[in-house]
Amino acid sequence: MKLEATDLKTTSAIHLLHRAGQCADELFATNIGTSDLTPRQFAVLRALEETDEPSQAVLVEKTGIDRSTMADIIRRLVSRSLVSRRRTRRDARMYAVRLTDKGKLVLRSSEPAVLATDDRILSALAPAQRDQFLKSLGRIIDLLGQQQKP
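Everything numeric here is computed off the predicted structure, so don't read it as measured data.

A. Quick look at the pattern of salt bridges. Per the stated rule, a full pass over the model turns up seven salt bridges. Ionic pairing is found between Asp72 and Arg76, a salt bridge with its closest N-O pair at 2.9 Å. Taken as a pair, Asp72 and Arg76 lie in helix 5 (residues 67-79) at a separation of four residues, close to a single helical turn. Residue Asp72 is classed as partly exposed on the basis of its relative accessible area of 26%.

Structure below.
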C-alpha cells in the first residue's frame, strides 16, 4: 500500500504509535503531578521492586530500555535518592541497583496516577478490545525487539 502525505495522520503505523505515545506521556505527566517521574522512570522503579538488586544490564532486559538511556535514568534516580547504586562483588565493572526507602515511597504514591493513565488510555477502546490491544502491542514489541538484537 502506497501512503500519500495526507494519509499519515490515519494510516502510518509509526506516526500513530508516536502520537499515541505523546498523548500517553502528556496524560501521565498530568496525572503524576509534582512528582516529575517519567513513565520510563516508573518502569525502572517497578522493575527494581520486582528484582533483587539487579544490574543495569538486567534492568535493560526487563524494561526494554536501551543501555545509554538506562544509564541516564539510573543517574537521575540516584541524584533524586530514589535508588542506590554500588559496584557488584562478582564484577567490579557492574553496578547493582536497588530502591531506597524514598524510591519505594515514590513508587507507591505514583501507582494511582499510573493506573488512572492506563484506564484513561484504554477507555478509548470498547472493553472487549482492551485485552487484545495490549496483546497486540506486546506482540509488536516481542517481534520487533527480537529483530533488533544482534
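Still to come is the rest of the account.
B. Examining the nonpolar core more closely. Within the largest apolar cluster, 23 residues are counted, with the highest numbers of intra-cluster contacts made by Val44, Leu45 and Leu59. Those elements giving two or more residues to this core turn out to be helix 2 (13-32), helix 3 (39-50), helix 4 (56-63), helix 5, strand 2 (95-99) and helix 6 (101-122). Broken down by element, the residue count for this core peaks at five residues, all from helix 3. When near neighbours in sequence (up to four residues on either side) are disregarded, Val44 contacts Leu59, Thr63, Ile65, Met70, Ile73, Ile74 and Leu77.

C. Main features of the packing of helix 3 against helix 4. At their nearest, the axes of helix 3 and helix 4 sit 10 Å apart, and the two run at 110 degrees to each other. Relative to helix 4, the element helix 3 lies roughly perpendicular. The handedness of the crossing between helix 3 and helix 4 comes out as right-handed. Between helix 3, through Ala43, Val44, Ala47, Leu48 and Glu50, and helix 4, the contact on the second element is made entirely by Leu59, Lys62 and Thr63. The residue makeup of the contact of helix 3 with helix 4, split by class, is five nonpolar, one polar and two charged.

D. Spatial organisation of a nonpolar patch on the surface. A surface patch of nonpolar side chains, amounting to about 230 Å² of accessible area, comprises Ile121, Phe133 and Leu134. A relative accessible area of 32% places Ile121 in the partly exposed class.

E. Expanded view of the environment of Ser109. On the secondary structure map, Ser109 appears in helix 6. A relative accessible area of 52% places Ser109 in the exposed class. On a C-alpha basis, the gap between Ser109 and Val83 in space is 16 Å, while along the polypeptide they are 26 residues apart. Only 3.1 Å separates the side chain of Ser109 from the backbone oxygen of Val106, close enough to count as a polar contact.

About the cut-offs
Residues numbered from 1 in each chain as written. Predicted model: local features only at pLDDT ≥ 70, side-chain atom pairs only at ≥ 80, totals over all residues. Heavy atoms only, no water. Salt bridge = Lys/Arg side-chain N within 4 Å of Asp/Glu carboxyl O. Helix = DSSP H or I, 4+ residues; strand = E, 2+ residues; numbered from the N terminus. Buried < 20%, exposed > 50% of the residue type's maximum accessible area, 1.4 Å probe, protein only. Core = buried A, V, L, I, M, F, W, Y, C linked by side-chain atoms within 4.5 Å. Contact = heavy atoms within 4.5 Å. Axes fitted to C-alpha atoms, helices over the stretch in contact; angles between N-to-C directions. Parallel < 35°, antiparallel > 145°, perpendicular 65-115°, else oblique. Left-handed = near helix turned anticlockwise from the far one by under 90°. Nonpolar A, V, L, I, M, F, W, Y, C, P; charged D, E, K, R; others polar. Patch = residues over 30% accessible without salt bridge, like charges linked within 9 Å, V, L, I, M, F, W, Y side chains within 5 Å. Areas by Shrake-Rupley, 256 points an atom, 1.4 Å probe, with all protein chains shown as cover. Polar contact = N/O pair within 3.5 Å; in protein donor to acceptor, adjacent residues only side chain to side chain.

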